Each structure stands twice: as C-alpha cells, then as structure tokens.
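Close look at the chain arrangement
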Amino acid sequence: MGILQRLVGSYLVVIVTTVIILEAFLIAAVNYYYNYNIEQILTSQAELSASFYEQYFAGGNLEQQAEKLLKGFSHHSAAQVQIISSSGQLMQDSTGLQTENSMLEYRDVRLAASRGQPETWRGYDPIAEEEVLAVSYPLQDAGHSIGVVRFVTSLAGTKETVRQISVLLISIGLIVIGLVAVVGILLSRTITGSITGLKQTAEKMAEGDFTARAQKRYRDEFGALADTLNTMAVKIQEQDQLKNEFISSVSHELRSPLTSIKGWVITLKSGLLTGKATIQDGLEIIESETDRLTRLVDELLDFSKFEDGRMVLNYTAFQSADFLQNIGKQLRPRAARQGITLQVQAGDSLPVIKADESRLKQVMINLLDNALKFTEPGGTIVITARLAGEQFIITVEDSGAGIAEQDVPKLFQKFYKGNHSMSGSGLGLSISEQIIKLHKGDISIDSRLGKGTKVTIFLPRSEEL
Ligand SMILES: Nc1ncnc2c1ncn2[C@@H]1O[C@H](COP(=O)(O)OP(=O)(O)O)[C@@H](O)[C@H]1O
Ligand SMILES: [Mg+2]
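The numbers attached to residues start from 1 for each chain and follow its sequence in the written order. Following the order in which they are written, the chains are lettered starting with A and the ligands numbered starting with 1. Only residues with pLDDT of at least 70 are given local features in this predicted model, and only at 80 or more are side-chain atom pairs given and counted; all residues enter the totals for whole chains, interfaces and linings. As a rule here, side-chain values come from all non-hydrogen atoms in the structure, and water together with hydrogens is ignored.

Regarding the sheet that holds strand 12 (residues 452–460)
Here is the rule: Here, a strand pair is defined by DSSP locating no fewer than two bridges between the strands. Numbering goes from the N terminus for both helices and strands, where a helix is a DSSP run of H or I of at least four residues and a strand is a run of E of at least two. To get an axis, fit a line to the C-alpha atoms, keeping to the stretch in contact for a helix; angles then go from 0 to 180 degrees between the N-to-C directions. In what follows, a contact means two residues having at least one pair of non-hydrogen atoms within 4.5 Å.
An order of 7-9-10-12-11 is seen for the five strands of this open sheet, with the pairing classed as mixed. Two strands lie at the open edges of the sheet, namely strand 7 (341–345) and strand 11 (442–448), each paired on one side alone. Within the sheet, the average angular offset between the axes of one strand and its neighbour, ignoring direction, is 15°. Judged from the eight bridges that link them, strand 10 (residues 391–398) and strand 12 form a sheet pairing that is antiparallel. Along strand 12, the bridge assignment pairs V396 with V455. Sheet contacts for helix 9 (residues 428–438): strand 11 and strand 12; angle to strand 11, the most-contacted strand, approximately 140°.

This is the structure in structure tokens:
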C-alpha cells in the first residue's frame, strides 16, 4: 500500500469514526428531546385537566358531566382526549371514537384507575393502527378515583421530524467525510509528490547519474532530505574528479622514469655505446629511476591504505632522544656528501613516547629528505624536540630555498611539488600529514623564500605513559 493510500486511509478512519459517534449522539439527543417534550406537554395538560376536575366538578356524576368536561379539556389541546370510567368504559372521546372494549386493556388506563396515580404509556395502538403516546390521569373525588382522563397523541409526526433531522445530520456527515477525503488526498499529494521526486532522483543517482538534482519543494524534512541528497551528489562528483586527477597525476609520475629507462635500454641494446663509463652511467640512471618507481609505488600503496582505513598504527613506547639521534646518524653521511651540517638537539631528558615508530621514522625521513633536497651546500639542518604540556613537539628546520608564502597551504596536497628542479612526486608531505593525523597530532610549516623552512610536528603524549 502506498503512502497516499495510507495517509488518506488514516484520515478517513479518524473522521468516519468521529462522524459516526457524533451523529449517533446527536440523533439520540434529538429523538429524546422531541419525545420528552411531547410527553411533558401531554402530562401537564392531563394534570391540569385532572386538577380542574377535582376543583370544579367533584361530587357530581361523572357520566353526566363527561361531555361537558371533554369539551373543556380538549379545547386547548391538539391531542385526543378520552374520559374513561373507573371500570374501564370509554365515556367520551374527542375524536368521536366509540368502543365497547374495556379501556383497562391499556396499561396506563389500568394503572391510573387502580392505583390512582398518573401513568404514561408508549406503544402500538391497534385501533389507531400507529404508535402513540398516552398519559392517563386519575379523576379524584374526595380521595377516590372515579375515572380517568386520558390524553393520547400519535408519535408519527415526531418520528417523521426525527427522521428528517437524522437524514439532514447524516447528509452533513457524509459531506464532511467527502470534504475531508478530498482535502486529505490533496494534502497527501504534497507529501507523496516530494517523496516521488526524491525517489526518482535517488534512483538516478543509484544508476550512477550524479548530475541529477532533487527538487526542493518545501522547507520541511523532505526539503532537508533533498538538500542532503544534492550535497551527497556534489561530494561524489568532487570525489570522482579527484580520483581522475589522481590517476592522471600517477600516470604522469610513472611516465617520466619509464621514458628515461626505456631510452637508456634502447641505447644500451643498440650496442653503439663504446665507453665503459657511459654504459655505467646509463645503468646507474636506470637503477635510480627504478628506485624512484619503487618509491612511488610504495607511496601509492600507503595512500590506498589511508583511503580504505587499512593503515593501522602499531603503537610502541620508545625513547624519543634515541629515536631522533638514530635518524640523525642515518642521514648524516648524505648531509656530509652535500656539504650540509645536520644537528640533532635531543638530550637524554626527553621522555619515552608512544607512537608507531616506523611510521614516525617515515615522516622524519620525508622531512629530512626535503630539507636536504632544497638546501644548498654550506647550509644547516637542525632537528629539535621538547615536551610542552601534553604535547611532544619535534621541529625540522633548514636554511634552504624556502617556499613562497602563497604556496605554503598547498604543500600538503597530493602531487603538489612547487617548481624546484629537485622536486619529486609531491606525495611525501601529504603522506606525512596523514600519518601524523592518524596519531591524532598535527603538522605545520613555516617558511620564507630564500631563508629556509621550519616544519613542526605536534604529537599528543599518550596518557598511559
Ligand atoms: N624544506 C623545504 N624547503 C623548500 N621547499 C620544500 C621543502 N619541503 C617541501 N618543499 C616543497 O614542497 C613540495 C612538496 O614536498 P613533498 O610533498 O615532500 O614532495 P616531493 O619531496 O616529492 O617534491 C616540494 O616539491 C617542494 O617544492
Ligand atoms: Mg618529499
């Protein structure tokens, strides 16, 4: 069952139930009101007549007075008036009815005659052949019941009136139900319209069409959903574009070493090279280009690990000073070859830290590799470390080429590599940032063109230490 049917269905259930309950109550009330009213009128007329008799006619012969009494009683009443003797004989009837049957057969007459109390009866009268309401009042003479005055009225008129009012009420009820159904359908359409639109857009997106946009009809939950859907599509499109850019950058990065390797292989294969030294040069270039390719592939593998969350840190506790000194030892030969001084200012007072040692080393090697690449002979590189509150801070500062201020924010982008001839694939800083972020730390770069660069790593100190 669709939402439209369900909504309209529930509207209808509520309104039909309400209308039925209300109408049943109203019709019952109208019915009661009319019947009660008519009974009141008859009762008061009968009572009036009875007391009138008691005051002015008591003591006489009922049979002889009957005709006169009837005239007086029926004068002001539209009802049928009967005067009946206590033995049940109908003496006078305002409609002219005459019967030999005992009126005591009527319950009201019987009770009024025998008990001397007024009595009301409602029922089918076989003589009148319709439903009637009758009120019998005893005629008293010095405390004795000597007869009965009976007011009778047909209930047909009342019934008809009640029926007409009921028909009117039921018609109004049906109109209300109809109106609610129409309004309900229109209202529900506004809801289902939004849903249908959203569903169609979502289906298009599911088929891979992310140019599809959901239409926002109202500022309600569905409007918010449309916005979310559209934002999602924009994000996916951006991701797609990033992926394409990534692939083309990777292809570009792979192409240059491959071209260089291929060129040397063709040259070597041709056998035209004679000098041993030249052959050696060619092989060295092939070796270093192969290394570059291997490094690139390793970096790309790291990226795919970051992307799908497979990069898991392997935390160990280690002495930070030893860690930094070892890195210094490892890179000092290269620095010496380039004529650069490499200092490590890390005293024994430094704490034990908890981190993924090999990943942190990868970051340090990346930073030092950059510093060495972009610093001229005669320059210096300084590594420092200190504890500041809950943070362990490492800096790598060089006196090298520096980076223009406007380029600093781009450094952590994948494949960003300035325009320096020494630049590599442009992935190193991006990977370093991801590793530090995975440690819940931060990395920032301060640089001045021509003056040097300072990279700062902030690592949170693990509480368990
Ligand atoms: N210490 C530095 N001094 C000057 N420029 C730097 C320094 N470190 C990074 N850069 C610039 O940032 C770019 C990106 O660095 P990185 O991501 O490590 O890639 P790569 O080293 O492969 O070029 C470098 O190409 C260079 O232009
Ligand atoms: Mg680098």
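Here's the deal with the site of ligand 1
For clarity, the cut-off: Whether a residue is near a molecule or strand depends on its heavy atoms: it is near if one of them lies within 4 Å of it. Polar contacts, as used here, are pairs of N or O atoms within 3.5 Å; protein pairs need one atom able to donate a hydrogen and one able to accept it. Residues neighboring in sequence count only if both atoms are side-chain atoms. For accessible areas, the Shrake-Rupley method is used with a probe of radius 1.4 Å. Any residue's cover is judged against the shown protein chains and nothing else.
Neighbouring ligand 1 are 18 residues, the closest being N370, K373, S423, G426 and L429. A distance of 2.8 Å is found between an oxygen atom of ligand 1 and a side-chain nitrogen or oxygen belonging to N370. Within the side chain of K373, one N or O atom sits 2.9 Å away from an oxygen atom of ligand 1. In isolation ligand 1 exposes 530 Å². Once the protein is present, 94% of that is buried. Contributions of two or more residues to the shell around ligand 1 are made by helix 8 (357–373) and helix 9.

Overview of the sheet that holds strand 2 (residues 90–93)
Within a sheet, each strand pairs with its neighbour through backbone hydrogen bonds, oriented either parallel or antiparallel. Pairing is antiparallel in the open sheet, where five strands are placed in the order 2-1-5-4-3. The open sheet has two edge strands, strand 2 and strand 3 (119–125), and neither has a second partner. Mean inter-strand twist for the sheet, computed between neighbouring axes without regard to direction, equals 25°. Direction of pairing for strand 4 (residues 130–141) relative to strand 5 (residues 144–154): antiparallel, over a ladder of 10 bridges. Paired with A134 across the strands is V152, a residue of strand 5. Strands in contact with helix 1 (residues 3–56) are strand 3, strand 4 and strand 5; relative to strand 4, the strand with the most contacts, it is inclined by about 25°.

So, the packing of aromatic side chains
Which entries qualify depends on this criterion: Two rings from Phe, Tyr or Trp (for Trp, the six-membered ring) form a pair when their centres sit within 6.5 Å of each other. Planes less than 30 degrees apart are called stacked, planes more than 60 degrees apart edge-to-face, and all others tilted. Exposure classes here rest on a 1.4 Å probe applied to the protein chains alone. A residue is buried below 20% of its type maximum, exposed above 50%, and partly exposed in between. Criterion for a charge above a ring: Lys NZ or Arg CZ within 6 Å of the ring centre, and within 35 degrees of the ring normal.
All chains considered together, the criterion is met by 11 aromatic pairs. With a centroid separation of 6.1 Å and 80° between ring planes, the pair formed by F246 and F303 is classed as edge-to-face. In this pair, F246 sits in helix 5 (residues 221–270) while F303 sits in helix 6 (residues 276–307), placing the two residues 57 residues apart along the sequence. Judged by its relative accessible area of 24%, F246 falls in the partly exposed class. Cluster of aromatic residues (ring-pair linked, three or more members): F52, Y53, Y56, F57 and F73. When the ring centre of Y106 is taken as reference, the NZ or CZ atom of R150 above it lies at 4.2 Å.

Observations regarding a nonpolar patch on the surface
Basically, it comes down to this: To count toward a patch, a residue needs a relative accessible area over 30% and no salt bridge; like charges are then connected within 9 Å, while nonpolar side chains (Val, Leu, Ile, Met, Phe, Trp, Tyr) are connected within 5 Å. Whenever Lys or Arg places a side-chain nitrogen within 4 Å of a carboxyl oxygen from Asp or Glu, that contact is recorded as a salt bridge.
On the surface, a cluster of nonpolar side chains totalling about 250 Å² of accessible area is made up of Y11, V183 and L187. Mapped onto the secondary structure, L187 falls in helix 4 (residues 156–206). Judged by relative accessible area, L187 falls into the partly exposed class, the value being 45%.

What to know about the pattern of salt bridges
All chains considered together, the criterion is met by 16 salt bridges. Ionic pairing is found between E160 and R163, a salt bridge with its closest N-O pair at 3.2 Å. Residue E160 and its partner R163 are located together in helix 4, separated by three residues, close to a single helical turn. The class of E160 is partly exposed, set by a relative accessible area of 34%. When its relative accessible area of 47% is taken as the criterion, R163 is described as partly exposed. The closest approach of N and O atoms between D407 and K410, which form a salt bridge, is 3.2 Å. A residue is classified by how much of its surface remains accessible, and D407, at 18% relative accessible area, is buried. Under the relative-accessibility criterion, K410 is labelled partly exposed at 33%. Three or more residues are tied together by salt bridges with common partners; here these are R334, D369 and K373.

Some remarks on the domain arrangement of the protein
Interfaces are frequently sized by the accessible area removed from exposure as the parts join. Test applied: Segmentation into domains, and thus their bounds, comes from an automatic or database assignment. Once two parts are joined, some of their accessible surface, as seen by a 1.4 Å probe, is lost; buried area is that loss totalled over both. Residue polarity follows a fixed list, in which Ala, Val, Leu, Ile, Met, Phe, Trp, Tyr, Cys and Pro are nonpolar, Asp, Glu, Lys and Arg are charged, and the others, Gly among them, are polar.
What the domain assignment reports for the protein is domain 1 (3–160), domain 2 (221–308) and domain 3 (316–460). Across the boundary between the two partners, domain 2 contributes 12 residues, which contact 14 residues of domain 3. Together domain 2 and domain 3 conceal approximately 1,100 Å² of surface at their shared face, both sides included; 67% is due to carbon and sulfur atoms. Where domain 2 meets domain 3, there are three salt bridges. Residues K414 and E307 are paired through a salt bridge, measuring 3.9 Å at the closest nitrogen-oxygen approach. Between domain 2 and domain 3 we count four residue pairs in polar contact (both at pLDDT 80 or more) in total. Listed by contribution, the elements that provide at least two residues to the side of domain 2 that touches domain 3 are helix 5 and helix 6. Its residues assigned to classes, the side of domain 2 that touches domain 3 shows six nonpolar, one polar and five charged.

Description of the environment of L70
Inspection of the secondary structure assignment puts L70 in helix 2 (residues 62–75). Exposure remark for L70: the relative accessible area of 8% places this residue in the buried category. The sequence separation of L70 and Q325 amounts to 255 residues, and the corresponding C-alpha distance is 135 Å. Leaving out residues up to four positions away in the same chain, L70 has contacts with V81, I83, Q92, D93 and S94.

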